[in-house]
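Topology and contacts: notes
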4 protein chains.
Amino acid sequence: MNCTHPFLDLDGDKLREECGVFGVINASDASAATALGLHALQHRGQEAAGITSFDGTEFYSRRGLGHVAENFSSSEAIGELPGFMAAGHVRYSTTGGAGLRNVQPLYADLASGGFAVAHNGNISNAQSLRSDLVRRGAIFQSTSDTEVIIHLVATSRYPTMIDRLVDALRLVEGAYSLIVMTPEGMIACRDPLGIRPLVMGRMGDAIAFASETVAFDVVGAEFTREVEPGELIRVTFDGEIESLHPFGKHQSRPCIFEHVYFSRPDSFFAGRSVYEARKAIGEQLAIESPVDADLVVPVPDSGVPAAIGFAQQSGVPFELGIIRSHYVGRTFIQPSDGARHSGVKRKHNANRGLVAGKRIVLIDDSIVRGTTSLKIVEMMREAGASEVHFRVASPPTAHSCFYGVDTPERAKLLAARMDVEPMRDFIKADSLAFVSIDGLYRAVGAEPRKKACPQFCDACFTGEYPTSLTDHSTVESQAAQLTFADHKAA
Amino acid sequence: MNCTHPFLDLDGDKLREECGVFGVINASDASAATALGLHALQHRGQEAAGITSFDGTEFYSRRGLGHVAENFSSSEAIGELPGFMAAGHVRYSTTGGAGLRNVQPLYADLASGGFAVAHNGNISNAQSLRSDLVRRGAIFQSTSDTEVIIHLVATSRYPTMIDRLVDALRLVEGAYSLIVMTPEGMIACRDPLGIRPLVMGRMGDAIAFASETVAFDVVGAEFTREVEPGELIRVTFDGEIESLHPFGKHQSRPCIFEHVYFSRPDSFFAGRSVYEARKAIGEQLAIESPVDADLVVPVPDSGVPAAIGFAQQSGVPFELGIIRSHYVGRTFIQPSDGARHSGVKRKHNANRGLVAGKRIVLIDDSIVRGTTSLKIVEMMREAGASEVHFRVASPPTAHSCFYGVDTPERAKLLAARMDVEPMRDFIKADSLAFVSIDGLYRAVGAEPRKKACPQFCDACFTGEYPTSLTDHSTVESQAAQLTFADHKAA
Amino acid sequence: MNCTHPFLDLDGDKLREECGVFGVINASDASAATALGLHALQHRGQEAAGITSFDGTEFYSRRGLGHVAENFSSSEAIGELPGFMAAGHVRYSTTGGAGLRNVQPLYADLASGGFAVAHNGNISNAQSLRSDLVRRGAIFQSTSDTEVIIHLVATSRYPTMIDRLVDALRLVEGAYSLIVMTPEGMIACRDPLGIRPLVMGRMGDAIAFASETVAFDVVGAEFTREVEPGELIRVTFDGEIESLHPFGKHQSRPCIFEHVYFSRPDSFFAGRSVYEARKAIGEQLAIESPVDADLVVPVPDSGVPAAIGFAQQSGVPFELGIIRSHYVGRTFIQPSDGARHSGVKRKHNANRGLVAGKRIVLIDDSIVRGTTSLKIVEMMREAGASEVHFRVASPPTAHSCFYGVDTPERAKLLAARMDVEPMRDFIKADSLAFVSIDGLYRAVGAEPRKKACPQFCDACFTGEYPTSLTDHSTVESQAAQLTFADHKAA
Amino acid sequence: MNCTHPFLDLDGDKLREECGVFGVINASDASAATALGLHALQHRGQEAAGITSFDGTEFYSRRGLGHVAENFSSSEAIGELPGFMAAGHVRYSTTGGAGLRNVQPLYADLASGGFAVAHNGNISNAQSLRSDLVRRGAIFQSTSDTEVIIHLVATSRYPTMIDRLVDALRLVEGAYSLIVMTPEGMIACRDPLGIRPLVMGRMGDAIAFASETVAFDVVGAEFTREVEPGELIRVTFDGEIESLHPFGKHQSRPCIFEHVYFSRPDSFFAGRSVYEARKAIGEQLAIESPVDADLVVPVPDSGVPAAIGFAQQSGVPFELGIIRSHYVGRTFIQPSDGARHSGVKRKHNANRGLVAGKRIVLIDDSIVRGTTSLKIVEMMREAGASEVHFRVASPPTAHSCFYGVDTPERAKLLAARMDVEPMRDFIKADSLAFVSIDGLYRAVGAEPRKKACPQFCDACFTGEYPTSLTDHSTVESQAAQLTFADHKAA
């Protein structure tokens with residue numbers, strides 16, 4: 001399930017992550033809790049949402065384009081999803097009716113009964129598995145990589161559901177955090193490297209699973225623990241919980257970008273408060289790349305925690321030099337008179353009274369294409385800033401992600417095209433600095449990065465992918481060669 | 001035009017202000033600029049929007065429920081509004097088709113030609129004027145107080161449009177900032193006390209008017225000056241600008257709540273940066289009511305500037321102890337298991353990792369009913385805060401507004417029902433303090449408050465209304481007597 | 001209220017009549033009965049519908065574009081229209097939101113209380129009355145001629161409502177059948193010549209008014225009598241019924257086209273069954289213009305009764321030589337291969353098996369532009385008919401209507417451009433004949449037409465308009481001169 | 001594909017037939033022609049429509065609930081369906097988004113490429129085939145019996161598409177007329193008994209297939225011949241046409257109800273004009289069951305041709321004693337005053353002026369539940385008819401259909417519950433007669449019915465099903481036993 005989230009970013013100038021999943025079993029209002037849980041994960045996928053529930057006899061599904069609140073806040077909607085087990089999914093999706101086919105949870109009637117799955121991640125050999133299955137007569141309903149898992153389960157020869165699922169996952173390569181529902185209960189599992197997050201919680205007698213802990217805060221559940229890399233947790237309707245590790249032991253490599261940008265600051269990830277991690281990155285930045293300035297200004301909202309950290313470490317006051325509108329959305333027709341950069345200004349407006357005549361340090365979480373960074377620097381100067389320094393709370397993003405994050409094609413990544421000094425020139429800042437990869441590891445509370453086997457997936461910064469990439473690697477490497485050769489040579 | 005804005009506040013626990021108006025004349029894309037300008041004023045009225053344009057021959061109107069972006073971002077919408085003069089309005093409105101009748105600009109075909117008006121404010125003798133007009137055979141299209149102005153203009157015996165408008169406004173009492181369009185040009189005017197804001201800007205050859213300066217930033221116009229209290233500014237299609245003061249000189253009394261909450265922090269109001277004013281209120285609060293604490297935590301987003309001011313003044317670090325969701329909206333069905341206060345948590349979630357074991361100072365802009373304040377204090381305690389102190393960046397809000405702000409009925413205002421100590425008890429805070437009225441005046445850069453004739457309208461704090469209230473006063477005073485007698489006695 | 005009905009005719013090749021009105025007082029479910037009554041009158045106006053009800057205190061209104069069933073069949077819709085008095089209206093309307101302003105009943109709050117009116121007809125001096133009213137300060141909400149009546153009532157100086165209404169109607173010229181609701185009861189009235197129909201019925205204690213008797217059949221009411229030309233009938237909530245004739249006695253001149261086409265065949269009009277009248281016209285045609293043929297084929301559905309009459313009189317068998325689709329509606333994209341006349345064929349397809357090799361008499365109710373007649377003749381020939389004779393159950397339609405029927409501009413009327421023989425040539429028939437004007441009078445059961453003062457309004461055939469035409473006459477006569485001079489000369 | 005058509009019948013008191021299919025290959029505007037062709041077949045399925053096209057590379061699909069005109073009349077809709085081959089389907093469907101899954105054509109990506117199929121009929125062993133397929137790992141997208149065919153094709157081991165399709169159809173039992181599209185061209189086929197209709201036509205170089213000939217009239221194609229029972233016709237993009245008969249020779253048994261009711265009267269079916277067949281049934285009825293009466297009155301519209309036949313044979317005049325509204329649709333709220341049978345009257349109103357005091361023969365095509373027949377007889381009496389005789393243009397409908405017609409459960413069929421005399425009593429007619437089964441065969445132009453092997457499928461009248469009914473037979477016979485035992489015994 002390769003999906004995306006723009007975090008209200010309209011220019012596509014952020015990495016677009018992932019999906020969010022939420023499931024709960026043995027709850028009296030399973031679908032209402034799931035709706036609320038998904039709503040708390042809305043930032044992980046804003047284009048479509050779906051919930052499937054089970055009442056002991058039947059499975060019920062409802063899907064819709066748009067936000068969770070638009071589709072699952074009414075009592076009618078929840079009333080269509082009865083039962084004590086439910087799971088849901090938020091995702092990025094193309095618009096249009098056909099798009100609904102790909103909205104999860106995916107559901108199929110297997111010979112063993114109903115089978116529903118919500119998936120966060122990306123299966124990197126989905127295309128080759130799919131070709132095999134079609135050759136054997138399988139008919140796919142969607143273009144989703146997740147459907148491959150269902151067909152593998154459907155055609156597995158093992159007798160029990162858990163064996164069929166393990167059999168299927170053995171063939172699968174890439175990143176996945178799954179919530180599966182069958183007539184026997186719920187199964188949550190995470191790929192052997194634990195690339196995508198998945199946490200477990202408890203709400204009275206009910207057991208819940210979610211992409212982030214913030215979902216537990218909102219539904220009123222208590223965080224129990226992370227689902228471990230390579231672990232399958234099976235929960236029955238009797239409340240039995242069983243943990244399996246069918247794939248043996250691996251060193252885990254969770255996605256470090258969850259700390260940088262994807263997770264909500266009020267979530268805990270890999271044992272650490274995301275807010276604290278971001279502040280620590282800001283502090284690290286202030287130590288590595290200090291600057292003589294009057295104001296520390298975050299690019300709202302994702303740059304705020306790092307900016308607070310930078311300000312506290314440096315002693316330069318933290319101020320809202322950019323005001324963010326709550327009403328972003330569609331693009332407007334541009335009037336020909338006057339309005340320059342009004343697209344950016346609709347979202348982010350300079351706080352003129354504050355900025356004029358001041359030396360500014362802008363703090364942002366990352367630079368992807370660089371186009372928005374350029375506009376923001378220009379906007380600061382137009383508002384009278386005397387100097388504009390740019391500090392980035394992650395290393396240069398130079399590589400695509402193949403694990404469920406919708407990165408622009410590599411040719412569009414500014415850091416894939418040029419080094420830091422040309423980047424500074426491109427965004428027209430007075431200075432530009434990124435946190436170092438080692439500084440990032442330090443800030444998130446890890447040991448120094450282990451070259452041989454890093455503790456996180458940091459492929460977007462380093463290009464070191466932790467799995468093979470059957471579908472993509474050849475294409476990607478060739479494209480990279482053709483496209484970037486002379487850029488890098490220059 | 002009595003309207004409202006919830007600033008994404010779903011419980012009605014904020015004062016709901018006003019409307020926003022924007023107009024531009026002699027612009028090549030008048031309606032596109034107006035759409036963008038209204039979008040920048042969206043926080044002033046989120047329920048409905050309308051634009052009327054004029055192309056030299058015909059007037060064109062389009063109205064819709066919902067946000068500006070939903071109604072005016074398409075080229076089709078803008079294409080239906082041709083011409084070089086346009087004005088628009090954002091407002092609060094009841095839902096349903098009938099509600100569209102009240103969406104402004106209001107338009108009428110008079111004997112002199114088309115007449116369109118967008119109004120921010122409230123006419124406090126509208127009901128008695130309306131009764132007179134109906135008795136003389138006038139037929140009203142809407143329930144809007146603004147329509148009274150149109151009928152007064154239509155039935156005035158003066159020969160010129162400007163005289164007819166002045167004749168009409170002489171009969172009108174209350175607060176109004178108007179943008180009027182006729183086949184001769186645009187007229188902007190503000191009531192004699194200048195209660196509601198109205199500013200003037202320039203965009204090349206075009207002249208623009210708006211409720212706040214932020215609209216000029218977004219459309220790319222330059223702020224020229226405020227429209228003065230009691231001033232009418234007439235702009236013709238030849239570019240002539242004429243200023244009239246037909247009502248003589250008055251001491252102005254602009255609404256001080258614009259500084260507290262209504263205006264965007266990146267606007268300038270009454271000559272001062274709203275962001276700076278809010279920070280200064282926070283500093284004043286820290287001086288007046290200091291507290292020994294570990295963290296200064298704003299109630300997002302309106303409490304942020306005052307919290308920064310409080311933190312800088314007090315030396316207590318500013319931290320995001322509450323994380324605000326970007327995806328608020330409808331209410332969800334509450335699951336019976338677990339979720340307590342999930343309504344609040346959907347919007348505002350405690351940053352647990354930060355707050356646990358800490359002494360917190362919460363900063364909010366105002367307390368209206370107090371119900372949200374209570375929930376936020378409780379949420380902080382549940383997240384482990386050891387002490388929760390509450391500081392409010394305005395004096396107690398104890399009186400209704402009759403000038404275009406939708407206050408709850410007085411019986412619902414916490415400060416109308418009790419003093420500060422019972423309020424503290426009600427919201428369960430360890431301490432509670434409000435900025436003083438004099439401190440507020442100081443913070444917004446004014447002289448000490450002149451008892452006899454205050455420099456601002458501060459009636460919501462003091463009950464001193466600057467105009468007579470023909471329609472409302474009797475009703476209100478009686479209701480107040482009946483409802484509050486024993487509360488205050490207790 | 002000039003409106004229209006296409007009777008599923010998409011090419012505009014029918015006269016488009018009128019509107020339909022229905023009202024009921026002292027009924028326990030007034031709005032439900034009104035919805036049903038309007039539904040039975042749907043053929044009189046298919047583009048928009050509205051109902052206003054009164055519950056003793058408040059008036060309630062609901063309007064919508066489209067059919068009655070789409071807008072008024074749900075219990076929600078009816079639930080919004082409580083009370084024991086209601087009136088409704090069906091009409092033709094332009095599409096688009098703005099069009100709703102013109103959907104009737106029109107409603108206004110007058111000094112005397114609420115005033116609602118539903119109007120079938122057209123006020124032929126509405127423009128001049130409107131100009132006067134605007135000059136005196138009246139503000140119009142709609143472009144409807146009906147609103148003139150409301151303003152005249154609102155500004156009348158008479159003390160009682162009935163006097164104010166009579167005062168208003170004295171100034172009005174043209175055709176009108178009105179149902180008025182005030183807080184005192186219902187008033188039904190018809191213009192002095194009774195051009196448009198209006199009938200009265202009884203349903204238990206309730207009194208109903210409708211454009212046609214078929215509405216009484218469907219709601220279960222009994223037909224009492226026609227409202228007389230120039231009569232006002234006032235019904236109070238006590239059940240008192242009062243009849244007034246304030247305009248003196250006139251010779252009535254009801255629209256003869258109601259018999260030809262507008263009314264449903266199961267209605268009674270001017271004392272006669274419409275079905276019987278149409279059959280009699282067919283018989284008259286067979287007598288006046290017999291033809292040697294194998295089959296009598298109606299152009300469905302309006303030509304059917306006359307075809308049955310023609311067949312019975314002539315002895316030539318009646319057959320369905322044209323099959324009409326029930327699923328007409330939008331125009332389709334025409335494929336370039338093959339499909340010729342597929343627009344007509346979507347609605348009317350030749351019954352090939354029947355028609356091939358036969359001599360056909362086609363019977364239609366009227367010829368307006370002639371374009372559809374041509375296509376149908378050609379379709380018959382393509383299906384193998386050896387001869388195609390055309391007989392028309394009305395005289396040539398050569399003049400526009402100014403009494404509430406939407407005729408094409410006169411230049412588009414085939415009979416305004418040419419005589420019968422060129423018309424035959426135009427539609428490519430082997431022969432063509434129209435019933436004579438005297439034959440038409442005979443068929444509808446009238447005395448021979450009185451030249452000096454005809455018993456019906458037959459202006460569309462004769463050009464003899466029974467009233468003055470203040471707004472239109474000058475324009476029309478000039479246009480006629482310019483446009484037709486050489487046609488007629490040729 | 002078991003579907004249905006109510007022919008605007010809202011009470012379900014008609015047999016609900018089938019679906020309609022249309023396909024065309026080698027046409028320059030294939031999807032525009034398909035839309036028009038489907039529109040002409042709208043009476044065969046009014047709840048949903050779909051079209052799939054192929055442009056030489058890609059397949060394109062569009063589906064929608066509602067009529068063809070609502071979904072496929074715009075140039076946008078047709079523009080989304082490019083290419084020179086297209087096929088479409090109209091059907092009955094449950095409402096709601098999920099229903100779209102079942103809207104045909106069904107499409108799948110097979111290993112051999114795209115595969116689309118539109119199906120009219122019903123596979124009577126679909127459930128058992130589906131169970132087998134699921135057991136082998138197939139995942140179904142829909143609940144449609146048609147999908148079974150696709151999975152059988154997908155899992156067939158034969159090398160060529162035509163062999164795989166024949167292999168699949170060998171396993172299938174029941175009725176089917178199919179239009180299949182693959183990247184190699186179009187295949188049309190009909191089950192070995194030819195139960196459901198399918199005809200072939202030519203439009204220039206293009207070859208078209210349709211359920212009825214009327215579709216060719218409307219698109220401008222020429223009827224070539226019927227697809228033979230058991231025939232597969234393959235058409236390539238080079239224009240080659242190949243006919244296959246892989247299932248050997250069978251005696252054909254087309255559905256005789258196509259003549260009675262399903263087909264449009266302007267279609268040809270089994271070599272005969274449907275209109276002529278219906279007239280002949282009416283003549284046969286007049287011979288078998290004459291009646292002394294004043295008027296022959298059809299129940300519109302389906303009873304009209306038989307009524308004309310009855311009238312011509314008997315000499316009793318044909319008259320429109322019931323007027324049918326063109327605006328049926330939703331059910332209205334019934335007012336408590338007055339309105340009795342207003343549900344029926346909204347659709348069918350007595351022509352009072354004609355009927356009063358007369359002896360009436362009503363002619364209808366069939367009696368299903370009898371509830372509508374009762375209401376119509378009562379309506380005639382209320383309108384003053386002195387005698388009401390009922391004649392039915394088909395034998396008693398006493399058995400369910402399992403070949404794609406949605407019959408009510410057998411217990412609801414009036415003729416399954418009682419003999420003719422009790423039926424007469426039930427509908428309160430003065431006399432009741434049905435055409436005999438032999439008379440029906442005679443009227444449609446067939447030899448006398450061959451007992452051993454009838455020339456038509458007439459199972460709904462005789463209970464003699466021409467195929468085995470794997471899925472249904474056990475259930476049905478048991479239900480019949482339980483439900484009808486005492487009825488029939490009584």
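Numbering of residues begins from 1 in every chain and follows the order in which that chain's sequence is written. Starting at A for chains and at 1 for ligands, labels are handed out in the order in which the entities are written. For this predicted model, a pLDDT threshold of at least 70 governs which residues receive local features, and a threshold of 80 or more governs which side-chain atom pairs are given and counted, while totals over whole chains, interfaces and linings are taken from all residues. Hydrogen atoms and water are omitted, and side-chain values are computed over all heavy atoms in the structure.

In the annotation of an unreviewed UniProt entry, the entry for chain A reads Amidophosphoribosyltransferase, and the organism field reads Altererythrobacter arenosus. UniProt positions are given in the numbering used here, feature names are shortened, and annotations may be inferred rather than shown by experiment. UniProt, in its Pathway (unreviewed entry) section for chain A, records the words "Purine metabolism; IMP biosynthesis via de novo pathway; N(1)-(5-phospho-D-ribosyl)glycinamide from 5-phospho-alpha-D-ribose 1-diphosphate: step 1/2." What UniProt states about chain A under its Sequence similarities (unreviewed entry) heading is, verbatim, "In the C-terminal section; belongs to the purine/pyrimidine phosphoribosyltransferase family."

Time to look at the UniProt feature "binding site: Mg(2+)" (unreviewed entry) in chain A. Residues and elements named next belong to chain A. Per the UniProt entry, the sites bearing "binding site: Mg(2+)" (unreviewed entry) are Ser302, Asp364 and Asp365 in this numbering. In three dimensions, the annotated residues from a span of 64 residues occupy one location, with a maximal C-alpha spread of 7.0 Å. Those residues in contact with Asp364, other than ones at most four positions away along the chain, are Lys14, Val299, Ser302, Gly303, Phe390, Arg391, Val392 and Ala393. The numbering of helices and of strands both runs from the N terminus, where a helix is a DSSP run of H or I of at least 4 residues and a strand a run of E of at least 2. Inspection of the secondary structure puts Asp365 in the loop between β20 (359-364) and α13 (371-382). Classification of residues uses two cut-offs on accessible area relative to the type maximum, computed with a 1.4 Å probe and protein chains only: under 20% is buried, over 50% is exposed, and between them is partly exposed. For Asp365, a relative accessible area of 2% corresponds to the buried category. Here the side chain of Asp365 touches Ser302 through a polar contact of 2.7 Å, side chain to side chain. The contact definition used throughout considers only heavy atoms, calling two residues in contact when any of these lie within 4.5 Å. In the analysis that follows, any N or O atom pair within 3.5 Å is treated as a polar contact, provided that within protein one partner can donate a hydrogen and the other can accept it, and provided that, for residues neighboring in sequence, both atoms belong to side chains.

Moving on to the interface of chain B and chain C. Contacts between the two partners involve 16 residues from chain B, matched on the other side by 16 residues from chain C. Summing the contributions of chain B and of chain C, the shared interface buries around 1,200 Å²; its carbon and sulfur component is 64%. Salt bridges are defined as contacts in which a side-chain nitrogen from Lys or Arg sits within 4 Å of a carboxyl oxygen from Asp or Glu. Viewed at the interface, chain C and chain B are joined by zero salt bridges. At the boundary of chain B and chain C, one finds zero residue pairs in polar contact (both at pLDDT 80 or more). No other element matches the four residues that helix α5 (residues 146-155) of chain B contributes to the side of chain B that touches chain C. Two parts placed together each lose some accessible area under a 1.4 Å probe, and adding up what both lose gives the buried area.

Only residues with pLDDT of at least 70 in both copies contribute their C-alpha atoms to the least-squares superposition of the copies. The transform that puts chain A on chain B rotates by 180° and translates by 0.0 Å along the axis, for an RMSD of 0.1 Å. Taken together, the rotation and translation describe the operation of a two-fold axis. Residue His326 of chain A of chain A places its C-alpha closer to the rotation axis than any other residue of that unit, at 3.9 Å.

Our next topic: the sheet that holds strand β11 (residues 206-210) of chain B. Residues and elements named next belong to chain B. In this analysis, strands are considered paired if DSSP registers two or more bridges between them. One open sheet accounts for seven strands, arranged β4-β3-β5-β2-β11-β10-β12; its pairing is antiparallel. Both edges of this open sheet fall to β4 (59-65) and β12 (222-226), since each of them pairs with a single strand only. Taking each pair of neighbouring strands and ignoring which way they run, the sheet shows an average axis angle of 15°. Axis definition: a line fit to C-alpha positions, over the contact stretch in the case of helices; interaxial angles, taken between N-to-C directions, run 0 to 180 degrees.

Under the counting rule described, the total for this entry stands at 88 salt bridges over all chains. In this structure, the salt-bridge partner of Arg44 of chain B is Glu258 of chain B, at a minimum N-O distance of 2.9 Å. With a gap of 214 residues between them, Arg44 of chain B in the loop between α1 (30-40) and β3 (48-54) and Glu258 of chain B in helix α8 (residues 257-262) connect regions that are remote in the sequence. In this structure, Arg44 of chain B and Glu258 of chain B share a single accessibility class: buried. Arg225 of chain C serves as the salt-bridge partner of Glu228 of chain C, at 3.9 Å between the closest nitrogen and oxygen. Overall, Glu228 of chain C belongs to the partly exposed group, its relative accessible area being 32%. For Arg225 of chain C, a relative accessible area of 27% puts it in the partly exposed group. Each of Arg44, Arg196, Glu212 and Glu258 of chain A takes part in a single network of salt bridges with overlapping partners.

Across a regular strand the side chains alternate sides, sitting on one face of the sheet and then on the other. All names here are of chain A. Along strand β5 (residues 85-91), seven of the seven residues are buried, which leaves the element largely enclosed by surrounding structure. Sheet analysis places strand β2 (residues 20-25) next to β5, joined by six bridges and oriented antiparallel. What sits directly across from Val21, in β5, is His89. As paired elements, strand β3 (residues 48-54) and β5 share seven bridges and run antiparallel to each other.

What follows concerns the interface of chain A and chain B. Taken together, the 68 residues of chain A in the interface contact 68 residues of chain B. For the pairing of chain A and chain B, the buried interface totals around 5,700 Å² over both sides, and the portion due to carbon and sulfur atoms is 61%. Counting the surface chain A buries against chain B, the share from its top three residues, His326, Tyr327 and Phe332 of chain A, is 14%. At the surface where chain A touches chain B, the tally comes to four salt bridges. Joining chain A to chain B, the criterion identifies 22 residue pairs in polar contact (both at pLDDT 80 or more).

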